[in-house]
Amino acid sequence: MLLVTSSAGPVGAAELSPVVDADAIADAVLDRMDRKADPCVDAFRWACGGWMDKAEIKPSQTRAGPYFTDVRERVEAGLDRVLSSAKESETPAGTLYTACMRAVNATDKGSAATKAGMTMLRRFAPTLAAISTDGSMTAVLAALATLHSNGGGSPLVEWGVSNSRVKYPEMVLKAYTPTLGMSRSGFRAEDPIARDINAAYRRMLSELAKIAGKAGLFPIGPDAKKAGGWLKAADAAAAVYSFEERIQEWKKAGYDAHRRAKDQPRYNFLEVAKHPDIKLVGDLLDAWGVTPPAGKAIVKYPVYFREASAWLKSAVVDDATGDGRRTLRAYLAVTATRSLAAADVLGPDAAAAYWRYRQEVKGTSAPPEATTRCVKRVGNLLPWGVGDAFVRHFFDGADKKKAAKDLVDAIREVYPSLFDDAAWLDARTRAAAKAKFAALAQNVVSFPRNPTDFYDDVVVSVDDYAGSWMSAARHAWRVDWERLRAPRAEREPHMASWETNAQHSSSRNEITIPAGLLQTPFFDLAAPAALTYGSAGHIVGHEISHAFDNNGHRYNARGEWDNWWSDAAAAAYKSKTKCFVKLFDSYVVPGVGANVTVDGQLTLPENLADAGGLAAAAIAWDKAVAAGKTGPANPRLNAAFTPKQLFFLGYAQTYCRKRTVRSMLDRLSNNRHSPGQFRLQGGLSQHPGFAAAFSCAPGTPYNPPKRCSLW
């Protein structure tokens, strides 16, 4: 693994991954295992027991794993070297990264960088003061528009621009309810963990309110109320908390109204200039001079915006003497302060206040390392610049690119036969499934744009992190809105090439497999192909299978919401997926409390994708073996396992993972992915090939009398 320290020397692809030869690969695979465990009884222990016994979760992290987590760390370390190198440091991404690292590592609370950040925060003061002195809806809209477009967070509304899922050529605007600083469970505070998070959140609000007051975003002192301020910063923080509770009530009203409306369309297109409930949305767009296509936007919860607008009118615009104006001002001030603190713009004290709260939420004992924070930050704001650097330095070999695309092609070749073998599909639905699959686009490795051309409007300096971050944040804001005016981008990747993940997009009918994921141990030209097919191969199949999961199967070949299923096929599909729900509902998660189980319905789309991906990869591997394409020999692994056993081991070790208790509980409640142990168990126990490869006796956990299957 790379050292995290920066270097001006050249960076090569070999430096991203550990040195790998046949013995090193065998050592890694075998060390993760517990060879004493019976794969037919406990395949997780068999595949991952050795690693589980030794692995530790870092203080700044919520999980550990030899695949996703370790690869992400290596990618971040590699990007640290690249973006800090003499050549890349002169690019916008490299310059912003260097400035970010200096800011995160700074300890001087009175540094020039901290003062510059506070100066940046003070720029919000005039527009916030107008809420108190003017109080008109024009003043309110101006304040909201200023924060949204200048890195000040997303108060009262969040925006999204995407491909239309109803009318193929169009881009669409989406208006969402805002993400608050704390989850619904945190506000309810019904259990000890939620109460701890709630208390930490209140402490953070108080600290941020002090910083906001110091920056002049609202006055503090004995006579401050007359000027729209507060006696103490703690009073402002309490008002912000109460106001966010109110916002949470508005959000719930929107959710409840949506659930009650049985005729509610899946994509709720509303005319922003005419629909009375979403006047706030239309007014904000007018403030920016933005006209959405056909004058419409997708607003799933219009009742939320009706409630918010009603409060703004009654408590702010029509009431100059009440607390509404100063409450809104405080809410916007703290929201902006939190956004800049989270970006390390305001110095070490503000960053520490933010990260102490985030540590409580995640159950960690340290904030993320500087490298992690800055790679993610620069990668989010200037994704093409970081992606271009990553691919040039770490994935520029023609052999590796060809091997990656060959793997994707091998997995894709299997799917038509899966549809043919699905006897429960009628001819019309089978033909539609094949047509959708044939139209499925793919981005493999990703092809970044020219960052020099793309970032002409970004002004950065290593000596001015606050200004550089703000320039990049404004750029990212403009880019998103410009997508609304642009034609549909058919093949533009929707992930950055350095990300250690993969995605399927239902609205684009497309999969993306970035270069960041195609690293050791997922994908290695020196490893036996069985391991690659079992790991990276099944991930490719997983993403393809999302096109036919319980959400993706509702979209047609052009990414439009469309019921292309016959009634009989739809009924059979629902019956088959119920089996997966019941199976995963039965999995009891160890170490997090009594009888805590996986939520089979919540995790259904990912579980279906796992099953489909494993099925496709297994067939593709059988074809590769038949064609003699088994890849580099590995004497030790070849002596210990058959080719098919090694394939299943590659799948299994992908899900060797550990999580903190708090992270696991949060994941079980809110994440569509089952814990790694049960992705392994649910995948292998339901695939008959695993039991056959290991001669598992009938009735053992991995050779059950009845299996769930879709394809």
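What you see as residue numbers is a count from 1 along each chain, following the sequence as written. Thresholds applied to this predicted model are a pLDDT of at least 70 for local features of residues and 80 or more for the giving and counting of side-chain atom pairs; totals over whole chains, interfaces and linings are not thresholded and use all residues. Side-chain calculation: all heavy atoms of the structure are included, whereas hydrogens and water are not.

(A) Quick look at the nonpolar core. By nonpolar core we mean a set of buried residues, namely Ala, Val, Leu, Ile, Met, Phe, Trp, Tyr and Cys, connected to one another through side-chain atoms within 4.5 Å. Think of it in three bands: residues with accessible area under 20% of the maximum for their type are buried, residues over 50% are exposed, and the middle band is partly exposed, with areas taken using a 1.4 Å probe on protein chains only. Judged by nonpolar contacts, the single largest core of 218 residues is most densely connected at Leu121, Trp159, Leu328, Tyr533, Leu680 and Leu684. In terms of residue count, the dominant contributor to this core is helix α10 (residues 233-260) (10 residues). Setting aside chain neighbours within four positions, we find leucine 680 in contact with Ala43, Phe44, Ala47, Cys48, Tyr651, Ala652, Tyr655 and Tyr702. Helix and strand assignments follow DSSP, with helices taken as H or I runs no shorter than four residues and strands as E runs no shorter than two, numbered in order from the N terminus. Two residues qualify as a contact provided that any one of their heavy atoms is within 4.5 Å of a heavy atom in the partner residue.

(B) A look at the state of the cysteines. Counting rule for disulfides: a pair of cysteine sulfur atoms within 2.5 Å. Inspection of every chain in the model, using the stated rule, returns 4 disulfides. Here cysteine 40 connects covalently by a disulfide to cysteine 696, the sulfurs 2.1 Å from one another. Of note, the bridge from cysteine 40 to cysteine 696 carries an S-S torsion of about -85 degrees and is left-handed in sense. Here the residue cysteine 40 occupies a position in the loop between α1 (22-32) and α2 (43-54), and cysteine 696 occupies one in the segment after α29 (688-693), the gap between them amounting to 656 residues. Across a sulfur-sulfur distance of 2.1 Å, cysteine 48 and cysteine 656 are joined as a disulfide pair. Judged by the sign of its S-S torsion, about -80 degrees, the cystine formed by cysteine 48 and cysteine 656 is left-handed. One end of the pair, cysteine 48, is in helix α2; the other, cysteine 656, is in the loop between α26 (643-653) and β9 (658-659), with 608 residues separating them in the sequence.

(C) Layout of the sheet that holds strand β6 (residues 441-445). Two strands make a pair as long as DSSP finds a minimum of two bridges between them. The mixed open sheet is built from 3 strands, whose spatial order is β6-β8-β7. Of all the strands in the sheet, the pair left with one neighbour each is β6 and β7 (503-505). Across the sheet, the axes of successive neighbouring strands diverge by a mean angle of 15 degrees, strand direction being ignored. Bridge count for β6 against strand β8 (residues 510-514) is 5 bridges, and the pairing is parallel. When the bridges of β8 are listed, asparagine 443 appears paired with threonine 512. Against the sheet, helix α22 (residues 529-545) makes contact with β7 and β8, and its axis sits at roughly 155 degrees relative to β8, the strand it touches most. Axes, fitted as lines to C-alpha atoms, cover a helix only where it is in contact. Angles between the N-to-C directions of the axes lie from 0 to 180 degrees.

(D) Expanded view of unusual backbone geometry. With an omega of 10 degrees, the peptide bond running from threonine 520 to proline 521 counts as cis. In this fold, proline 521 is placed in the loop between β8 and α22. With a phi close to 50 degrees, alanine 189 is a non-glycine residue in the positive phi region. Structurally, alanine 189 is set in the loop between α8 (184-188) and α9 (192-214). One non-glycine residue, aspartate 344, lies in positive phi territory at about 65 degrees. With respect to the secondary-structure elements, aspartate 344 resides in the loop between α13 (324-342) and α14 (348-362).

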